[in-house]
Amino acid sequence: MASGTDNPYRLLPSVDEVLRDASVAPLAPEVGRAVLRTFAQRLVEAWREEIRAGDLDAQGLEARLAGGGLGESMRSLVQRDRARGIRRAVNVSGVVLNTGLGRAPVHPEVAARMEEAARSFCVLEVDRVSGERNRRDDRISELLGRLVGCEAGIAVNNNAGAALLTMHALATGQEAVVSRGELVEIGGSFRVPEVMAAAGVRLVEVGATNRTRIEDYEAALTAETGLLMKVHPSNFRVVGFTSEVDPAAMAELGRRREVATAWDLGSGLIELPTMSPLGERVGGETEVAQAVDSGVDVVTFSGDKLLGAPQAGLCVGRREAIARLRRDPMYRALRCDKVTLAGLEATLELLLAGRGDELPARRMLLAEGESLEPVAQRLASALEALGFEACSEPGQSQPGSGSAPGVFLAGPVVRVVDPARSAGTLAAALRAMDPPVFARVHDDAVRVDPRTLLPGDEEALLAAFARLAGSAG
Ligand SMILES: *Cc1c(COP(=O)(O)O)cnc(C)c1O
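Everything in this summary refers to the structure shown in the same document. Nothing here was measured: the structure is a model prediction, and the numbers come from that model.

What counts, and where the lines are drawn
- Residues numbered from 1 in each chain as written.
- Predicted model: local features only at pLDDT ≥ 70, side-chain atom pairs only at ≥ 80, totals over all residues.
- Heavy atoms only, no water.
- Axes fitted to C-alpha atoms, helices over the stretch in contact; angles between N-to-C directions.
- Helix = DSSP H or I, 4+ residues; strand = E, 2+ residues; numbered from the N terminus.
- Parallel < 35°, antiparallel > 145°, perpendicular 65-115°, else oblique.
- Left-handed = near helix turned anticlockwise from the far one by under 90°.
- Contact = heavy atoms within 4.5 Å.
- Nonpolar A, V, L, I, M, F, W, Y, C, P; charged D, E, K, R; others polar.
- Near = heavy atom within 4 Å.
- Polar contact = N/O pair within 3.5 Å; in protein donor to acceptor, adjacent residues only side chain to side chain.
- Salt bridge = Lys/Arg side-chain N within 4 Å of Asp/Glu carboxyl O.
- Buried < 20%, exposed > 50% of the residue type's maximum accessible area, 1.4 Å probe, protein only.
- Disulfide = S-S within 2.5 Å.
- Pairing = 2+ DSSP bridges.
- Expected span 1.5 Å × (residues − 1).

It is worth spelling out the packing of helix 8 (residues 138-148) against helix 16 (residues 338-352) at this point. Their axes nearest at 10 Å, the elements helix 8 and helix 16 cross at an angle of 25°. Taken as axis vectors, helix 8 and helix 16 run roughly parallel relative to one another. Crossing geometry of helix 8 relative to helix 16 is assigned as left-handed. For the pair helix 8 and helix 16, contact is made by Arg139, Ile140, Leu143, Leu144, Arg146 and Leu147 and by Leu341, Leu344, Glu345, Leu348, Glu349, Leu351 and Leu352, respectively. Its residues assigned to classes, the contact of helix 8 with helix 16 shows nine nonpolar, no polar and four charged.

Written as structure tokens, this is what we have:
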């Protein structure tokens, strides 16, 4: 047992000694003195804990302290800290719109417009001709009109915000009628009944889980009704004996009884004659333009799902209804910043220019399995050469973000086995790389899906595997 000079506690440096160490001091300018002190405290505490648990003796500690060892330990704490936060990642998870990985990556030209807006002054809320104040999303409204045929549109932070704003502006203090089949939870934190409550709207449920008729909506109308609403059940599907209310019938009922109508569409599918059709591939989603055509006052959808734009929520529809949203104080709290607006404008302009198929998310969703086969083959050979077992096999990707439940996109995936690690350990090691690589684990193998690779990702992916090749743990 430890005693005398063998007592590891005696060798344990104090926090001040760590900070004074010649190998540690150079780290101070990188992270700041105060932060470095907290890292030093953490290191000393962790080592003390190891000693207490009997996992570290005097010899072991001596080895750690030798030859700039303190500096190395501290540097690794600094590096681990740096690696936290928002960083580029390589997505080979097979989920295109992966909420954990930031959903849709934007087009490089869109990113350039966002960067310019971020680092410069920009014409945001001022008219260039008169110099007077105007509205920041007039241009978005105009572009959305051209794209989906709405009278007006506005953009807010995300689609949850768009739905919240719509409910609040059109029905706060009143009742909103929703089908029992559409009281869904999306992405864990968007629950229709809870959003309604947050908007100060009393929910009136009608119909049954599987069937709701327009008569159910009509029967629920009272002097207190402010809104008739439809919600796309996005991430789940009711099959069998089902019927949902026809949005055009709901819109007609709303007009006849002078009650506002809204449709939360979720995924934001846009089709144009200049682009490859996407709707069928993602399970027959309703197009935004069709939803607008139904005559519903407000249609809401996400910017970063099928639209392939930055994160945003878009509200489109009738001029008067959109004006009510704009007047609502909640709009001021939910509105987009200049960077997002610049990205949205640039994305909508690309679509209008007939270049929608260039948007990365759309391109990934549209990619045919055959076009991905050469990439999968190339990756498999490169991984084999690095000493992994790798082969291309038929697989499936998913659109993701609840944008198309039960829809799978056929294509090759590379099945990778590391002779030195379990699949779970390999996947974790890949996530620890720089940039981190996110792959799926299935049947004791790591699956690398080439569908979601962006330019430059293939090199980063292979570099990550190369660093792990031939090393264990
Ligand atoms: C995804 C989705 C939302 C939430 O949208 P965010 O942009 O993630 O806030 C709301 N409603 C529906 C129907 C959705 O599909």
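With respect to spatial proximity, the complete set of residues near the ligand consists of Arg103, Asn158, Asn159, Ala160, Ile186, Phe190, His232, Ser234, Asp264, Gly266, Ser302 and Lys305. Within the backbone of Ala160, one N or O atom sits 2.8 Å away from an oxygen atom of the ligand. Contact distances for the ligand include 2.6 Å between a nitrogen atom and a side-chain N or O atom of Asp264. Secondary-structure elements contributing two or more residues to the shell around the ligand are helix 9 (159-171) and strand 8 (260-266). Looking at side-chain class alone, the shell around the ligand contains three nonpolar, six polar and three charged residues.

A word on the pattern of salt bridges. In the structure shown here, the tally under the stated rule is 36 salt bridges. In this structure, Arg257 engages Glu218 in a salt bridge whose closest nitrogen and oxygen atoms are separated by 3.4 Å. Pair noted here: Arg257 is in helix 12 (residues 247-257) and Glu218 is in helix 11 (residues 214-220), with a separation of 39 residues, a long-range link. In this structure Arg257 comes out as partly exposed when scored by relative accessible area, which is 40%. A salt bridge links Arg281 to Glu368; the shortest N-O distance between them is 3.5 Å. Here the residue Arg281 occupies a position in the loop between strand 8 and helix 13 (288-293), and Glu368 occupies one in the loop between helix 17 (360-366) and helix 18 (369-385), the gap between them amounting to 87 residues. Taken together, the shared-partner salt bridges in this structure form one network comprising Arg113, Arg139, Glu142, Arg146, Glu345 and Glu349.

Right, let's talk about the state of the cysteines for a bit. Considering all chains together, one arrives at zero disulfides under this definition. In this structure Cys122 is not part of a disulfide, and its nearest cysteine sulfur, from Cys336, lies 13 Å away.

On to the sheet that holds strand 2 (residues 152-156). One open sheet holds the seven strands; their spatial order is 2-10-9-8-7-3-6, and the pairing between them is mixed. At either margin of the open sheet sits one strand with a lone partner, and together these are strand 2 and strand 6 (202-206). Looking at each pair of strands side by side, their axes are set apart by 25° on average, direction ignored. The sheet contact formed by strand 2 and strand 10 (residues 313-317) spans five bridges and is antiparallel. Along strand 10, the bridge assignment pairs Ala155 with Leu314. Across the sheet, helix 9 is in contact with strand 2, strand 3 (175-179), strand 7 (225-231), strand 8, strand 9 (298-302) and strand 10; its angle to strand 9 comes to roughly 160°. Most of the contacts of helix 12 go to strand 7, to which it runs at about 175°, and overall it touches strand 7 and strand 8.

Look at helix 4 (residues 33-52): 28 Å from first C-alpha to last across 20 residues, which is about the 28 Å you get at 1.5 Å a residue. The secondary structure elements touched by the buried residues of helix 4 are helix 1 (8-11), helix 2 (15-20), helix 3 (28-31), helix 5 (58-65) and helix 6 (69-82). The positive-phi residue at the C-terminal boundary of helix 4 is Gly54, with phi of around 80°.

Turning our attention to the environment of Val298. Tracing the backbone through its elements, the reader meets Val298 in strand 9. With relative accessibility at 0%, the residue Val298 sits in the buried group. Taking C-alpha positions, Val298 is 6.6 Å from Thr261, a pair spaced 37 residues apart along the chain. Once residues within four sequence positions are removed from consideration, Val298 is found in contact with Thr166, Leu170, Thr261, Ala262, Trp263, Cys315, Val316, Ala321, Ile322 and Leu325.

For the rest of this paragraph, the subject is the packing of helix 4 against helix 6. Close contact between helix 4 and helix 6 brings their axes to 10 Å; oriented N to C, the two are set at 115°. Handedness of the helix 4/helix 6 crossing: right-handed. Between helix 4 and helix 6, the residues in contact are Leu36, Phe39, Ala40, Leu43 and Trp47 and Leu70, Ser73, Met74, Leu77, Val78 and Asp81, respectively.

Quick look at the pairing of strand 10 now. Most of strand 10 sits inside the fold, with five of its five residues counted as buried. Taking every second residue as pointing to the same face, both faces of strand 10 are buried, with Gly313, Cys315 and Gly317 on one and Leu314 and Val316 on the other. Across five bridges, strand 9 lies against strand 10 in antiparallel orientation. Bridged to Phe301 within strand 10 is Leu314.

What follows deals with the side chain of Ser93. Structurally, Ser93 is set in the loop between strand 1 (90-92) and helix 7 (108-119). Within the local environment of Ser93, its side chain forms a polar contact with the side chain of Asn91, the two groups lying 2.6 Å apart. If sequence neighbours within four positions are ignored, Ser93 has contacts with Asn98, Phe438, Ala439, Arg440, Asp449 and Thr452.

Strand order in the open sheet formed by five strands is 1-13-14-12-11, and the pairing between neighbours is mixed. With partners counted over all chains shown, the strands left at the sheet margins are strand 1 and strand 11 (389-397), one partner each. Pairwise comparison of adjacent strand axes, ignoring direction, gives a mean angle of 35° for this sheet. Together, strand 12 (409-417), strand 13 (437-442) and strand 14 (445-448) form the strand contacts of helix 19 (residues 423-431), whose direction differs from that of strand 13 by roughly 170°. Taken strand by strand, helix 20 (residues 457-468) contacts strand 1, strand 12, strand 13 and strand 14, and its axis lies near 85° from that of strand 1.

So, about the environment of Gly68. Looking at where Gly68 falls in the secondary structure, it is placed in the loop between helix 5 and helix 6. Overall, the relative accessible area of 32% leaves Gly68 in the partly exposed class. Spatially, the C-alpha atoms of Gly68 and Met229 are 66 Å apart, while their sequence positions differ by 161 residues.

Turning to unusual backbone geometry, a few remarks are in order. The omega angle of the peptide bond from Asp434 to Pro435 is 0°, so this bond is cis rather than trans. Mapped onto the secondary structure, Pro435 falls in the loop between helix 19 and strand 13. The phi angle at Arg103 is positive, at roughly 55°, despite the residue not being glycine. Note that Arg103 resides in the loop between strand 1 and helix 7. Non-glycine residue Asp443 carries a positive phi angle of around 55°. Structurally, Asp443 can be placed in the loop between strand 13 and strand 14. For Asp443, a relative accessible area of 54% puts it in the exposed group.

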